[in-house]
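Residue-level listing of the chains:
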Amino acid sequence: MVNNDPDQTGGLYERRIGTPTTNDEVNGYWLFGFGVLLGLAGVALFSLTGSESTTRGIAYALTALAPPFVMLGAVIRFPLRRAGTYLGYLGTAVSVLGVVWFVNIFPDGWFTATGDPTVITVYGVGLLLIGLAGTVVPLLSDPVYEDYERLRGEAAAATEAAKGTTAELDATESELETTREELSETESALESARAETAALRESKARFELFEDAGGKPRWRLRHRNGNVIASSGQGYSSRGKAQQGLHSVRRNALGAGLLRIETPVAEAEAVAADDGPEPADAAEPDVAIPDEDVVPESQATFELYGDSADEWRFRLRHDNGNVVGDSGEGYASVSNAKRALSKLRDHVAAADYLRIDPAAFEVYRDAAGEYRWRLVHENGNILADSGEGYASRSKAQQGLDSVRSNAGGAGLEFPDYEDAEGRAGDGESKATFEAYEDKGGSWRWRLVHDNGNIIADGGEGYASESNATDAVERVSEYAPDASALAAGSAAFEIYEDAAEEWRWRLRHRNGNVLADSGEGYASRSNAVEAVTRVKANAPGAETVEKQE
């Protein structure tokens, strides 16, 4: 059969003539050209030499070699079976043998009138074999085109299968890379949680929440030896406020500076006089050490259940039957719901409060350990974010303050559209909003300071120019008066919904909502009390699966 493996490198033939289907097609072309050159060389040499000389014999030989090579070049370009190709090569070899024989006997053994019959016979047999290879053999053998097309089809199918396999491999590698990134984030969060847990276990003190003689909630930090080493110094209007103050101390005390203030003795004694009732176990310092084996008491239970859309959800039900919190969204599997519930347990106790009315800033630390801020609306949408991470919380706060002070009076420009109508700033703002269309065709905005730095952006694309400019207007309206909270791993957001009811949601630092109230409350204080119940009961609540 013909050689069906064309030279993949192409070469001169492919560059100047076309893509060959077989190597024999290329070889036949060059053999044909070689035969033509031999004939021309023989004719030229013949015209330059005398008769009956050795050189004249070489001219005859070169001319005689031309027909076999020209015929072989033409024959092997045909789609022949292997037997035909071999027969063509054999005929060429026989003809070459006859020519070599002629050169050896010329001119002395060559008869000018009749020649040498044996030499002529050998040469003629060679030409006959080449002719049979190109004419008779194809008629006696099976067609080769069908096999050739079949092989091409199989090769094409194999190529497509290889491309499909490559695409699947690329998709698998992409999924694997995504899984690795998620695993890395999980390991980072786990390491952070371990560090926080280790720091808690190394503590030789505990915080105590109590009511003072006036009935106001307070906190104090008691060492394991029984001594009170810090207290709130004042009463709070609610237990939730006391917890918020306690968590603020836990978060900020480690890096706080030292300022010496001279306090009159009488005033100092008055401040320290009301520490509240001493607990009965104050003489047992071991109780001040957090014990990892002690499960917090809880008056609620987490219920895992499948909803009507075949998604898994969870809710926290108090022993009195009331649902005090739920997942807020469905999960594709029970394992995903359990993981979300585990995150809720890890973060709920230490989460601070953030009042959103109607928007508020959150300062948080991302998975890479950098500090960022975001402006959150009461409907849960993120209106703006820092766009970049900061090395410290104070740097992120400075960026936030810059947005607060400049967003309200900032002008609006369209840098890519000179004819678009923007608005001028108030003259006091040191920043300008820019609305632009990105490479994907989505509209975006950014707030650029006069020094060239981008201090805020929308974080997402918008379908139209008007949507982007509406977002700019909301940021201009809400940013100057928005309150701020330096959140840890998570924070409670307390806000008023469209129905003028108060709700809460627990948002992780990555922006995901871990849980929400599931219902509205008549007042903000009721929502705060609900958060307090969740913080008190969620860490130690048991989990049960229920059939709906």
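Up top you'll find the structure we're talking about.
Presented here is a report on the structure given in the accompanying data block. All of these numbers come straight from a predicted model, not from anything done at the bench.

About the cut-offs
- Residues numbered from 1 in each chain as written.
- Predicted model: local features only at pLDDT ≥ 70, side-chain atom pairs only at ≥ 80, totals over all residues.
- Heavy atoms only, no water.
- Helix = DSSP H or I, 4+ residues; strand = E, 2+ residues; numbered from the N terminus.
- Buried < 20%, exposed > 50% of the residue type's maximum accessible area, 1.4 Å probe, protein only.
- Lys, Arg positive; Asp, Glu negative; His and termini not counted.
- Salt bridge = Lys/Arg side-chain N within 4 Å of Asp/Glu carboxyl O.
- Contact = heavy atoms within 4.5 Å.
- Axes fitted to C-alpha atoms, helices over the stretch in contact; angles between N-to-C directions.
- Parallel < 35°, antiparallel > 145°, perpendicular 65-115°, else oblique.
- Left-handed = near helix turned anticlockwise from the far one by under 90°.
- Nonpolar A, V, L, I, M, F, W, Y, C, P; charged D, E, K, R; others polar.
- Pairing = 2+ DSSP bridges.

**What to know about the side chain of Asp-326**
Now for step 1: Looking at the secondary structure, you find Asp-326 in strand β6 (residues 323–326).
Now for step 2: For the buried residue Asp-326, which engages in no salt bridge, the nearest side chain bearing the opposite charge is Arg-313, 6.2 Å off.
Now for step 3: Contact partners of Asp-326, with chain neighbours within four places excluded, come to Phe-314, Arg-315, Ala-515, Asp-516 and Gly-518.

**Structural notes on the pattern of salt bridges**
It is possible for side chains bearing opposite charge to pair when their charged atoms get close.
Now for step 1: For the structure on display, the rule yields ten salt bridges.
Now for step 2: The salt bridge partner of Arg-446 is Glu-434, with a shortest N-O separation of 2.9 Å. Taken as a pair, Arg-446 in strand β13 (residues 443–449) and Glu-434 in strand β12 (residues 431–437) lie far apart in primary sequence, twelve residues in all.
Now for step 3: A residue is classified by how much of its surface remains accessible, and Glu-434, at 16% relative accessible area, is buried.

**What to know about the packing of helix α3 (residues 54–76) against helix α5 (residues 117–140)**
Now for step 1: Across the interface, α3 lies against α5 with an axial gap of 9 Å and an inter-helix angle of 15°. Comparing their axes, α5 and α3 come out roughly parallel. α5 is crossed by α3, and the crossing has left-handed handedness. Within the contact between the two elements, α3 uses Ala-64, Pro-67, Pro-68, Met-71, Leu-72 and Val-75 and α5 uses Tyr-123, Leu-127, Ile-130, Gly-131, Ala-133 and Gly-134.
Now for step 2: Residue composition of the contact of α3 with α5, grouped by class: ten nonpolar, two polar and no charged.

**What to know about the pairing of strand β14 (residues 454–457)**
Now for step 1: Where β13 meets β14, three bridges bridge the pair, whose relative direction is antiparallel. What sits directly across from Leu-447, in β14, is Ala-456.
Now for step 2: Between β13 and β14, which pair antiparallel one after the other, the connecting turn spans four residues, and Gly-452 there sits at a positive phi close to 95°.

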